[in-house]
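# Remarks on the overall topology
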Amino acid sequence: MKKLIIKKGRERAFINRHPWVYSGAVQELPEAEIGEILSVYSFDNRLIGYGFYAPGTQIVCRVFEYTAEETDVLSQQYWTDKLGKAFVIRERFILSGQTNAFRLVNAEGDFFPGLIADVYNDTVVIQLLIKGTELIKDFIINALEEFGYKKVYLKAKDVTGRLEGVKTLKGWISKEEGSPEIEIVENGVKFQVNIETGQKTGFFLDQRDARMLIKEYSKGAKVCNTFSYSGGFSLYALEAGAELVHSVDSSKAAIELIDKNLELNGVKPEKHESYAEDVFKFLKKTENKYDLIVLDPPAFAKTAKAVPNASRGYKELNLTAFRKINPGGIVFTFSCSQKITRDLFRKIVFGAAADAKRNIRILHQTTQPPDHPINIYHPENEYLKGLVLYVE
Ligand code: SAH
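Given the structure is predicted, the values throughout are model-derived calculations rather than measurements.

Sheet strands line up and pair through hydrogen bonds in the backbone, either parallel or antiparallel. In space, the five strands of this open sheet follow the order β7-β8-β9-β10-β11, with mixed pairing throughout. Edge strands, defined here as strands with exactly one partner in the open sheet, are β7 (101–106) and β11 (170–172). Direction aside, the axes of adjacent strands within the sheet are offset by 20 degrees on average. Relative to strand β9 (residues 123–128), strand β8 (residues 115–120) is paired through six bridges, and the arrangement is antiparallel. Its bridge partner lying in β9, V119 is registered against V124. Against the sheet, helix α4 (residues 137–146) contacts β7, β8, β9 and β10 (151–155), and its axis sits at roughly 160 degrees relative to β9.

We now examine the packing of helix α6 (residues 208–215) against helix α7 (residues 232–239). Helix-helix packing is characterised by the crossing angle of the two axes and by the distance between the axes. It is the contact of α6 with α7, at a shortest axis distance of 8 Å, that shows an interaxial angle of 35 degrees. For the crossing formed where α6 meets α7, the hand is right-handed. On α7, the residues touching R208, A210, R211, M212, I214 and K215 of α6 are G232, F233, Y236, A237 and E239. In terms of residue class, the contact of α6 with α7 is made up of six nonpolar, one polar and four charged.

Relative to the helices and strands, A210 resides in helix α6. Of the residues examined, A210 reaches a relative accessible area of 5% and is grouped as buried. For the pair A210 and R12, spaced 198 residues apart in sequence, the C-alpha to C-alpha distance is 37 Å. Apart from the residues lying within four places of it in its own chain, the contact partners of A210 are F233, F332 and F334.

Right, let's talk about the sheet that holds strand β19 (residues 360–366) for a bit. Reading across the sheet, the seven strands line up as β16-β15-β14-β17-β18-β20-β19 and stay open at both edges, with mixed pairing between neighbours. A single partner strand is all that each edge strand has here, and the edge strands are β16 (272–275) and β19. Strand-to-strand twist across the sheet, computed as the mean angle between neighbouring axes with direction ignored, equals 15 degrees. The pairing of strand β14 (residues 222–226) with strand β15 (residues 244–248) spans five bridges and is parallel. Across the sheet, residue C224 finds its bridge partner in β15, namely H246. Lying over the sheet, α7 contacts β14, β15, β16, β17 (292–295) and β18 (329–335), oriented at roughly 180 degrees with respect to β15. Sheet strands in contact with helix α8 (residues 252–264) are β15 and β16, and its direction is about 165 degrees off that of β16.

It is worth spelling out the packing of aromatic side chains at this point. The final tally for this structure, using the stated rule, is 19 aromatic pairs. A centroid spacing of 4.9 Å and a plane angle of 90 degrees characterise the contact between Y78 and W79, whose relative ring orientation is edge-to-face. Their ring planes at 50 degrees and their centres at 5.2 Å tell us that F87 and F147 sit as a pair that is tilted. Remark: F147 occurs in the loop between α4 and β10 and F87 occurs in helix α2 (residues 76–93); sequence separation between them is 60 residues.

Turning our eyes to something else, we now look at unusual backbone geometry. Generally, phi is negative for residues other than glycine and the peptide bonds are trans, each holding for most cases. You will see that R17, though not glycine, has its phi angle at about 60 degrees, which is positive. Looking at the element boundaries, R17 is found in the loop between α1 (12–15) and β2 (20–22). A relative accessible area of 38% places R17 in the partly exposed class. One non-glycine residue, K357, adopts positive backbone phi at about 55 degrees. Residue placement: K357 occurs in the loop between α11 (342–356) and β19.

What counts and how
- Residues numbered from 1 in each chain as written.
- Predicted model: local features only at pLDDT ≥ 70, side-chain atom pairs only at ≥ 80, totals over all residues.
- Heavy atoms only, no water.
- Pairing = 2+ DSSP bridges.
- Helix = DSSP H or I, 4+ residues; strand = E, 2+ residues; numbered from the N terminus.
- Axes fitted to C-alpha atoms, helices over the stretch in contact; angles between N-to-C directions.
- Contact = heavy atoms within 4.5 Å.
- Left-handed = near helix turned anticlockwise from the far one by under 90°.
- Nonpolar A, V, L, I, M, F, W, Y, C, P; charged D, E, K, R; others polar.
- Buried < 20%, exposed > 50% of the residue type's maximum accessible area, 1.4 Å probe, protein only.
- Phe/Tyr/Trp six-rings, centres within 6.5 Å; stacked < 30°, edge-to-face > 60°.

Below, the structure is given as structure tokens:
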């Protein structure tokens, strides 16, 4: 196996098990192909670990195993074990008769850079984010099969191709094929997911815990679920006895999904209305009075440069909700921009509260659920934060 050697004085990041090797930290780049698995060594020839190579990019290697012992990382057994270490968390704490959809592998969060694997009932949707995981795709498919998942669908992200020349593929990559339309259950609520045409891998699995929380505040409430996508928060609120729920999303396809999901769960039509509209416009013009508003927008800041504009967007959105909500109302507000830190998000919401001149208390602070674990050595993996607020 070819070696990548870390420069003298640059070992600190690797003692701290950070998974990314930046080009500046490398003493010697090997002659190897993009995606190849390399062993990583210190300048004084001690084995540090193993990683996927990506020459010519900023992050030249993504370490997936920190070890001082030689390990057969080119074997099926190794990858089956790795997947097993991710599966055990989900099997113990998430998978149940009530929930059969979850993230099985969360890339660096599961010490598996370059792989996202989302389970929808009996089907797994995978995203191969780097060339390294594309090259070991058969190990991944075989490992999934060992854990009982025979239907594997590949859904490439558009940016992947640009970054590392991964083929942008979409389609079944297992021997067995399934259907792109899958019914899942999450905390006892049913959803129809389309893995081919849906957003992300088909469903927003990362809000499962926050959806549970909304049930505690929904009984008898008039709820406005903005950026509703397929109606996750709406259906939980209805299940918990909300009087009326309005779902707002600019995507017509999302609204069609909500309609299917209402039907699947036997919701009475008079309990729910959908609006295929821009949330900012909707909230500003609506005459409706709500007891509970959910703000779960897409990532406004995809890059560090976008943070100031995104901050203004979050502030405006929260301010509008604070102006509209009934006294004694609840606002669930989220940001999934990785570049907007938890502290910054709280400052933005504070600014909106001050402008609204209302007394606001934080009742809960939410984060991503345990199937989106955060690798303690890789804080970059944390992206989702939320506040549940009581507005006097
Ligand atoms: N809360 C959802 C996930 C939200 S994802 C869930 O629990 O599943 C963000 C959604 O916002 C997407 O469905 C997207 O179509 C929608 N969206 C993005 N910009 C919008 C806008 N300006 N107005 C309305 N919807 C918007």
